[in-house]
Amino acid sequence: MRSLSYVRARSVNDAIEAFAAAGDGARYIAGGTTLYDLMKLGIEQPRHLIDISTLEGADRIDSGGDHLFFGAGALMADVAEDTVVLRDYPVLAESLSKAASQQLRNMATVGGNLLQRTRCPYFRNGAHGLYPCNKRVSGSGCAAIAGLDRGQAVFGVSDACSAVSPGDWPVALTAMDATIELQGPAGKRLVPISKFYLLPGETPHLEFGIDPGEIVTGISVPKTDAGRNSTYLKVRDRESYAFALASAAVALAMDGEGRVRQAHVALGGLATRPWRAHEAELLLNGQTIDRARALDAARAAFGGAQAGEHNAFRIELGVRTLADAIMNAGRKNR
Amino acid sequence: MAVSILQPSGVHMSDPQETSALSATRRQVLKAGGFVSVSGLTLPSPARAQPLNPLPSPENGITVRITSRINGHPLSLEIDARASLLDMLRERLGLVGAKKGCDHGQCGACTVHIDGRRVASCLTIAAKVDGREVTTIEGVAGPDGLHPMQQAFIDHDALQCGYCTPGQIMAAIACVKEGHASTPEQIKEYMSGNICRCGAYVGIVAAIEQAAPQIERS
């Protein structure tokens, strides 16, 4: 790891100024659970770290207005246990409590988690790894697509990259139409989460719609009664503390007769970005929930899935995971 | 250079002085050629964290000064801005209870508490503990003896090789204090960040079930 400087910023403005003053190689660090990990692998090589984990007021959680607001510096563990989130938006709480371990949830922030980088083993092969990776070194090639692709994406794959977007929380936020608040040298702006994650295309090294020097300052989620009938189902190689083989975030706004007024569906662990499943939503809207309808909707969501040599099982696994999640969310409507 | 910071870590033996001497000797061997000298060795009392006596800085990069409390003792030192909390504890402070397993936050062997919350010290940049309170396995025993969780691990033989044990115990204490130890299923879920290569999980869950009511009372 290269020598680097470290400063702790007290406010967002301080941090933005420190970033500009530091020049080349400046990076913000919050919990550091992704950045420091990748620094140890030589994949991230910052020269200057600006610590934004203790910015004043950045850990605010506010469920009082017509939106839920999560300060970017709030810890994953704290949002996962917030009483309003647990009661009214279980999909959000579960996406956090099923991610990582309690040690990491006590370190990682809900803002930093949005920027978690892929766990593709070819990407994590090291700065001078044996295998090429277009994310690590743009234009170097992708060894995963024709390689050991058991964990690679089945949605959003390009000829240049099939790396899975690893997060759980971003999948739940995608289902719930979250908005991300950013602040940078040019001021503040809001980005809908649907525009925040970039498909790999020909430029897989570009992953997030955030500019140099910008900081994620908060996340807001519009309040909806779909939150109560919601769940995050995550299927892994082991029962806990693993990344998703397939996951589904489902929230169902229901009318008084047990019909779905508006379905919110997103998939995780299967795509190169958090994956909204509009096809499934359209088949659920206006309908009552039963097993056959849940399976139909889930199959529709996977209509465009493309498997490689070793990951085809995750399409059927994904279908059943989503169908189960739809059933689980539907059963919450009492 | 005194090595009064050496501690018995995790495993209790019948004669605490013998334990200390053994661990010091082992450490001495591991650090042969290093800067630890036996002549400065003092045998610590069995169950109290010792005053901190940081080793001189071997840093060759940009450093930051941090002021912190480690196991209740004030600490001020210059540390390389790249260094992990785990490396600071082990290599600068001689607190070798927290173990380096994977060094990537995946195994839990390095678990310590910062301001009472469990974290992976290998993924915590040392500079981040400036102004904060760190507790390691060396700091959990009371004046009257072992922490109830340490005793419970002994009672249930909740280890084999013992390498993961300091991390398991630190995670387990936090697990109880968080209120995540009410059922065996909940204990398993909230202890999943600590891997035991020897597979002592049955004993670990039993130990936590035993210690939980004692810790909740205290």
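Before reading further, recall that the structure is shown in the block above.
Remember, it's a predicted structure, so these values are computed and weren't measured experimentally.

## Notes on the interface of chain A and chain B
Reasoning step 1: Each partner contributes to the interface: chain A provides 36 residues, whereas chain B provides 34 residues.
Reasoning step 2: Summing both partners gives a buried area of about 2,800 Å² for chain A against chain B, and 49% of it is carried by carbon and sulfur.
Reasoning step 3: Of all residues in chain A, the largest losses of buried area upon contact with chain B belong to A:Tyr6, A:Tyr36 and A:Gln103, amounting jointly to 23% of the total for that side.
Reasoning step 4: There are 3 salt bridges connecting chain A and chain B.
Reasoning step 5: Run the count over chain A and chain B and you get 23 residue pairs in polar contact (both at pLDDT 80 or more).
Reasoning step 6: Among the elements of the structure, β1 (5-8), α2 (35-40), β3 (48-51), α3 (76-80) and α6 (102-105) of chain A are those that each provide at least two residues to the side of chain A that touches chain B.
Reasoning step 7: The element that contributes the greatest number of residues to the side of chain A that touches chain B is α6(A), accounting for 4 residues.

## Remarks on the packing of aromatic side chains
Each aromatic ring pair is described using two quantities: the centre-to-centre distance and the angle formed by the ring planes.
Residues and elements named next belong to chain A.
Reasoning step 1: Tallied over the entire structure, the rule returns 8 aromatic pairs over all chains.
Reasoning step 2: Ring centres 5.2 Å apart and planes at 85° place the aromatic pair Phe 196 and Tyr 197 in the edge-to-face group. Tyr 197 matches Phe 196 in its accessibility class, with the two residues each being buried.
Reasoning step 3: Pairing Tyr 197 with Phe 208 gives two aromatic rings, centres 5.9 Å apart and planes at 75°, and the pair type is edge-to-face. One end of the pair, Tyr 197, is in the loop between α8 (193-196) and β8 (215-222); the other, Phe 208, is in the loop between α8 and β8, with 11 residues separating them in the sequence.

## Topic: helix α10 (residues 291-301) of chain A
All names here are of chain A.
Reasoning step 1: Residues Ala 294, Ala 297, Ala 298 and Ala 301 constitute the buried set of α10. Each buried residue of α10 lies within a common arc of 100° when the element is viewed along its axis, so the set occupies one face.
Reasoning step 2: You can read the cap of α10 off the contacts: a side-chain oxygen lies 3.2 Å from the backbone nitrogen of Ala 292, and it is on Asp 290.

What counts and what doesn't
Residues numbered from 1 in each chain as written. Chains lettered and ligands numbered in written order. Predicted model: local features only at pLDDT ≥ 70, side-chain atom pairs only at ≥ 80, totals over all residues. Heavy atoms only, no water. Contact = heavy atoms within 4.5 Å. Buried area = accessible area lost by both parts, 1.4 Å probe. Salt bridge = Lys/Arg side-chain N within 4 Å of Asp/Glu carboxyl O. Polar contact = N/O pair within 3.5 Å; in protein donor to acceptor, adjacent residues only side chain to side chain. Helix = DSSP H or I, 4+ residues; strand = E, 2+ residues; numbered from the N terminus. Phe/Tyr/Trp six-rings, centres within 6.5 Å; stacked < 30°, edge-to-face > 60°. Buried < 20%, exposed > 50% of the residue type's maximum accessible area, 1.4 Å probe, protein only. Arc of directions from axis to C-beta.

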